[in-house]
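A look at the structure
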Amino acid sequence: MVVSRTGNVLNVEKNYSDTLIIRLNDKMMDLDKPVTVRYLGREIYKGKVQRLRQVIERTIQERKDRDLIFSSELVIVKGRVIKS
C-alpha cells in the first residue's frame, strides 16, 4: 500500500487489499476541517472525520506509544469509504 498526504488530502496511490484502514490524528492534519481521500486517482471522500473515543482507546492498547495514538479512522473497502 502506498498512501501520501498533503495537508488534509490523502492520496491512496496503491492498494493490494480489499480493506484499508487509515488512522488519523491532530498531529497529522487539522481534523476540524474536511479531509479529502483520493483513491487511485478519483475522489472517494470529502468531509469531516469524527474523533472517536474507541479509536483512541484501541490505539493506546495496540501501540502503547503516546506518539502513535490516533483519534479518527477511515475504513476503505473495495475503493469506497464505508466508515469515518
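Residues numbered from 1 in each chain as written. Predicted model: local features only at pLDDT ≥ 70, side-chain atom pairs only at ≥ 80, totals over all residues. Heavy atoms only, no water.

1. Let's talk about the sheet that holds strand S4 (residues 35–39)
Applicable threshold: Whether two strands pair depends on DSSP finding at least two bridges between them. Only DSSP runs of H or I covering at least 4 residues are called helices, and only runs of E covering at least 2 are called strands; the numbering of each starts at the N terminus. Lines are fitted to the C-alpha atoms to define the axes, a helix being fitted only along its stretch in contact, and any angle between axes, read from their N-to-C directions, falls within 0 to 180 degrees.
Taken in spatial order, the 4 strands make up an open sheet running S1-S2-S4-S5, and their pairing is mixed. Of all strands in the sheet, those bounded by a partner on one side alone are strand S1 (2–6) and strand S5 (42–47). Put simply, the sheet's adjacent strands are angled 20° from each other on average, direction ignored. When strand S2 (residues 9–14) meets S4, the two strands line up parallel, connected through 4 bridges. For leucine 10, the partnering residue across the bridge sits in S4 and is valine 37.

2. Looking at the sheet that holds strand S7 (residues 80–83)
Adjacent strands of a sheet form backbone hydrogen bonds with each other and so pair up, either parallel or antiparallel. Our working definition: Residue contacts follow a heavy-atom distance rule, with two residues in contact if any of their heavy atoms lie within 4.5 Å.
Ordered by their spatial adjacency, 3 strands build an open sheet running S3-S6-S7, and the pairing between neighbours is antiparallel. Strand pairing shows two members of the sheet lacking a second neighbour, strand S3 (19–24) and S7, which therefore form its edges. When strand polarity is set aside, the average angle formed by the axes of neighbouring strands in this sheet is 35°. Sheet topology places strand S6 (residues 72–77) next to S7; 3 bridges connect them, and they run antiparallel. Residue pairing across strands places isoleucine 76 opposite valine 81, the latter belonging to S7. Together, S3 and S6 form the strand contacts of helix H1 (residues 53–63), whose direction differs from that of S3 by roughly 95°.

3. Remarks on unusual backbone geometry
Applicable threshold: Each residue's exposure class comes from its accessible area (1.4 Å probe, protein chains only) as a fraction of the maximum for that residue type: buried when under 20%, exposed when over 50%, partly exposed otherwise.
You will see that leucine 40, though not glycine, has its phi angle at about 50°, which is positive. Position of leucine 40 among the secondary structure elements: in the loop between S4 and S5. Although it is not a glycine, lysine 64 adopts a positive phi angle of roughly 55°. With respect to the element layout, lysine 64 can be found in the loop between H1 and S6. Taking relative accessible area as the criterion, lysine 64 reaches 63% and is therefore assigned exposed.

4. Quick look at the pattern of salt bridges
Test applied: When a carboxyl oxygen of Asp or Glu is within 4 Å of a side-chain nitrogen of Lys or Arg, the pair counts as a salt bridge.
This model, assessed by the stated rule, comprises 7 salt bridges. Arginine 23 is the partner of glutamate 62 in a salt bridge, and the nearest nitrogen-oxygen pair spans 2.7 Å. With a gap of 39 residues between them, glutamate 62 in helix H1 and arginine 23 in strand S3 connect regions that are remote in the sequence. Accessibility expressed as a relative area gives 47% for glutamate 62, which makes it partly exposed. Between arginine 58 and glutamate 73 there is a salt bridge, with its nearest N and O atoms 2.8 Å apart. Linking arginine 58 in helix H1 with glutamate 73 in strand S6, this pair joins segments that are 15 residues apart in sequence.

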